[in-house]
Amino acid sequence: MVDSEVLVRARVHLSRLTGKQCFVKLRHRYFTVQAVYAVDDKTSKQMLKFIGGCSKESIVDVQGTLVSALSPVESCSLKHLEIQCTTFHVVSEAVPQLPLQIDDAARPLAEEGPVVNQDTRLNNRILDLRTPANQAIFRIGHGVAALFRRYLSSVGFTEIHTPKIISAASEGGANVFQVSYFKGNAYLAQSPQLYKQMAVCADIEKVFTVGAVFRAEDSNTHRHLCEFVGLDIEMAFKEHYHEALTVIGEMFLSMFKGLQTEYATEIETVYKQYPAEPFKFIEPALRLEWPEAIRMLREAEVEIGDFEDLSTPQEKFLGKLVKAKYDTDFYILDKFPLEIRPSTLCRVLMTQIQ
């Protein structure tokens, strides 16, 4: 690889003229490398000035020799390599004045510097999506769905595709979007639940689906979304519901391990802008039964009844207690009392019986 000739198409992230040299930081997705131009018999001073003046975010083709850097290039993801370039062609030139700078939009939260406001990001989403963290987030999202499909397919599940425009509210509640449908009305599906269960009753037995879910939830919290991509599974079990818990636990562990091994670069890229502790899990997945969860909370001086549902702060606190005791961020809360199951469950069952 070193000392080989390369042709690279990338964006100009930054260029810097220094005497008879020009250093260009090239970016493709979340990878960056330094390209070096110097005045010689192939590159004139005028050419060097042209390269140094190329506007940020322009797409360029550069050709040269890949060499080992004399010292690590700390500002680039490829720290120990650089390109000694001989040619420079502008494929698509960006306007000189951009509504936001990629470096500002990609700045880690703890660093001082110009802040790109949310409205500026959304109004210029194409530019905002070019930041390394956003590029990595899209790759991780792809990985989650791919790993979900991979594991379930490996254990005999069948992927199905369910309707999204339906004739009645799918969960019987009021949180549904009504849309015009020719001479009548229709509704955006709140859940694929009914169709998954129809497939299981039709002897397909184990199914999953990845698709859009719509819920008219007029609440500004991180737990309420009007539209999201749902990863749903449904399966028949033969003797005990723990068969389903085993599949779910192993599925998540398979996904976590896949993300750690196949998307480590993307995760590290996100951590650079949004620092966080590494996600921890144990094998097999921890199953915490309801009585033990209540006991752990009471031992931590939390007042809660035997059949009292967990509030959001209590859920978060229980997660901290589990992490301290078992060193895992992921666990399954088993034996959840029927008395405090959401009332929507009853409505779904009644709808399916009718």
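Caption draft 1: Region of interest: the overall build of the chain. Across its full length, the chain holds eleven helices and 13 strands. Its C-alpha radius of gyration of 27 Å places the chain more than 25% over the 20 Å reference for a compact globule of 354 residues. For the chain, the spread of C-alpha atoms along the principal axes amounts to about 80 × 60 × 40 Å. For the chain, with 354 residues in total, the buried portion stands at 37%. Across the chain, contacts joining residues at least 24 apart in sequence account for 65% of those joining residues at least 6 apart. Entry remark: accessible area of the chain is about 21,500 Å², with carbon and sulfur atoms responsible for 55%.

Caption draft 2: Quick peek at the pairing of strand S10 (residues 206-214). Across the nine residues of S10, seven count as buried, placing the element largely inside the fold. By the bridge criterion, two bridges tie strand S6 (residues 158-159) to S10 in an arrangement that is parallel. When the sheet's bridge partners are listed, threonine 158 is paired in S10 with valine 207.

Caption draft 3: Focus on the sheet that holds strand S9 (residues 184-188). What the three strands build is an open sheet, ordered S7-S9-S8; its pairing is antiparallel. The sheet is open, and its two edges are formed by strand S7 (165-166) and strand S8 (178-181), each paired on a single side. Sheet analysis places S8 next to S9, joined by four bridges and oriented antiparallel. Within the sheet, the bridge partner assigned to valine 179 lies in S9 and is alanine 186.

Caption draft 4: Geometry of the environment of tyrosine 326. Within the secondary structure, tyrosine 326 is located in helix H10 (residues 312-326). Tyrosine 326 sits 223 residues away from aspartate 103 along the chain, and the two C-alpha atoms are 39 Å apart. Every residue in contact with tyrosine 326, bar those within four places of it in the chain, is listed here: Ile282, Leu286, Leu288 and Glu292. Engagement of the side chain of tyrosine 326 in a polar contact is seen with the side chain of glutamate 292, the distance being 2.5 Å.

Caption draft 5: Expanded view of the packing of aromatic side chains. All chains considered together, the criterion is met by twelve aromatic pairs. Between phenylalanine 252 and phenylalanine 330 the ring centres are 5.2 Å apart and the planes differ by 45 degrees, which places this aromatic pair in the tilted class. Taken together, the positions of phenylalanine 252 in helix H7 (residues 242-262) and phenylalanine 330 in the loop between H10 and strand S13 (331-334) put the pair 78 residues apart, joining distant regions of the chain. Given a relative accessible area of 12%, phenylalanine 330 falls into the buried group.

Caption draft 6: Helix H6 (residues 193-201), seen in detail. For H6, the full list of buried residues reads Lys196, Ala199 and Val200. Along the axis of H6, the buried residues cluster in a sector spanning 100 degrees; they form a single face. As for H6, its buried residues are in contact with S10 and strand S11 (227-235). Positive backbone phi, approximately 75 degrees, marks aspartate 203, located one or two places after H6.

Caption draft 7: Molecular detail of helix H8 (residues 264-273). Among the residues of H8, those classed as buried are Glu266, Thr269, Val270 and Gln273. The buried residues of H8 occupy an angular sector of 95 degrees when projected down its axis, which confines them to one face. Those residues of H8 hidden inside the fold are in contact with helix H2 (102-105), helix H3 (118-123), helix H5 (132-154) and H7.

Caption draft 8: The pairing of strand S3 (residues 31-38), seen in detail. By the criterion of burial, S3 is predominantly enclosed, with six of the eight residues buried. One ladder, built from eight bridges, connects strand S2 (residues 21-28) with S3; its direction is antiparallel. Note that in S3 the partner of glutamine 21 across the bridge is alanine 38. Between S2 and S3, which pair antiparallel in sequence order, lie two residues; one of them, arginine 29, sits at a positive phi of approximately 60 degrees.

Caption draft 9: Expanded view of the sheet that holds S11. Across the sheet, three strands lie side by side as S6-S10-S11; this open sheet has mixed pairing. Of all strands in the sheet, those bounded by a partner on one side alone are S6 and S11. Packing of H6 onto the sheet brings it into contact with S10 and S11, and relative to S11 it is tilted by some 25 degrees.

Caption draft 10: Quick peek at the packing of H5 against H8. In contact at an axis separation of 8 Å, H5 and H8 are set at 140 degrees when each is read in the N-to-C sense. In terms of their interaxial angle, H5 and H8 are classed as oblique. The hand of the H5/H8 crossing is left-handed. Across the interface between the two elements, Pro132, Ala133, Ala136, Ile137, Arg139 and Ile140 of H5 pack against Glu266, Ile267, Thr269, Val270 and Gln273 of H8. Per-class residue counts for the contact of H5 with H8 are seven nonpolar, two polar and two charged.

Caption draft 11: Representation of a nonpolar patch on the surface within the structure. A surface patch of nonpolar side chains, amounting to about 420 Å² of accessible area, comprises Leu109, Ile137, Phe138 and Tyr274. Counting through the fold element by element, phenylalanine 138 comes out in helix H5.

About the criteria used
- Residues numbered from 1 in each chain as written.
- Predicted model: local features only at pLDDT ≥ 70, side-chain atom pairs only at ≥ 80, totals over all residues.
- Heavy atoms only, no water.
- Helix = DSSP H or I, 4+ residues; strand = E, 2+ residues; numbered from the N terminus.
- Rg over C-alpha atoms; globule rule 2.2 N^0.38 Å.
- Buried < 20%, exposed > 50% of the residue type's maximum accessible area, 1.4 Å probe, protein only.
- Contact = heavy atoms within 4.5 Å.
- Areas by Shrake-Rupley, 256 points an atom, 1.4 Å probe, with all protein chains shown as cover.
- Pairing = 2+ DSSP bridges.
- Polar contact = N/O pair within 3.5 Å; in protein donor to acceptor, adjacent residues only side chain to side chain.
- Phe/Tyr/Trp six-rings, centres within 6.5 Å; stacked < 30°, edge-to-face > 60°.
- Arc of directions from axis to C-beta.
- Axes fitted to C-alpha atoms, helices over the stretch in contact; angles between N-to-C directions.
- Parallel < 35°, antiparallel > 145°, perpendicular 65-115°, else oblique.
- Left-handed = near helix turned anticlockwise from the far one by under 90°.
- Nonpolar A, V, L, I, M, F, W, Y, C, P; charged D, E, K, R; others polar.
- Patch = residues over 30% accessible without salt bridge, like charges linked within 9 Å, V, L, I, M, F, W, Y side chains within 5 Å.
- Salt bridge = Lys/Arg side-chain N within 4 Å of Asp/Glu carboxyl O.

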